[in-house]
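Spelled out from the first residue to the last, the chains are:
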Amino acid sequence: MTKPHPHKPAPSLKPKSKTFGINALSIGAAAIGLGGALLAVFLRSKANPAEHAAPDLALDKPRPGATDRAPEAFRPDPTAVPTKAERESLRPATGPAPSFAADRGSTLG
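In this report, we go over the structure that sits alongside the text. What you are looking at is a predicted structure, and each value in this text was computed from that prediction instead of being measured.

1. Description of the overall build of the protein chain
(1) Moving on: When you go through the protein chain residue by residue, the secondary structure sums to two helices and zero strands.
(2) Moving on: For the protein chain, buried positions account for 0% of its 109 residues.
(3) Moving on: Just so you have it, the protein chain exposes about 11,600 Å², and 65% of that area is on carbon and sulfur atoms.

Here you go:
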């Protein structure tokens, strides 16, 4: 009959290195995410000095209706004859639509 071994090895107090590494990475990722969220809130709350209130778009201003017309200076002249350049710029596009796919029978080069 064999005797049981009276001496047991002491449990290690050192944490497992793999678990420690995963914990450190998750804490670091959480800190980076929290810092990014705080930075986004801070930057969004700052007022842009280039922007200003548009008083003509205020909610208490009257809205133009269907019977209101634009000022005379902003109305187009219906009797004006368009120039050749204006007529060309208004011509619809007639070529093939651009695409990333090759046409049938062509090779990609």
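2. Remarks on the pattern of salt bridges
(1) Moving on: Tallying each qualifying case throughout the model produces two salt bridges.
(2) Moving on: Between Arg 75 and Glu 72 there is a salt bridge; the shortest N-O distance is 3.0 Å.

3. Concerning a nonpolar patch on the surface
(1) Moving on: The grouping of Leu 39, Phe 42 and Leu 43 at the surface amounts to a nonpolar patch, some 310 Å² of accessible area in total.
(2) Moving on: With respect to the helices and strands, Leu 39 occurs in helix α1 (residues 17-45).

Each value, and the rule that gives it
Residues numbered from 1 in each chain as written. Predicted model: local features only at pLDDT ≥ 70, side-chain atom pairs only at ≥ 80, totals over all residues. Heavy atoms only, no water. Helix = DSSP H or I, 4+ residues; strand = E, 2+ residues; numbered from the N terminus. Buried < 20%, exposed > 50% of the residue type's maximum accessible area, 1.4 Å probe, protein only. Areas by Shrake-Rupley, 256 points an atom, 1.4 Å probe, with all protein chains shown as cover. Salt bridge = Lys/Arg side-chain N within 4 Å of Asp/Glu carboxyl O. Patch = residues over 30% accessible without salt bridge, like charges linked within 9 Å, V, L, I, M, F, W, Y side chains within 5 Å.

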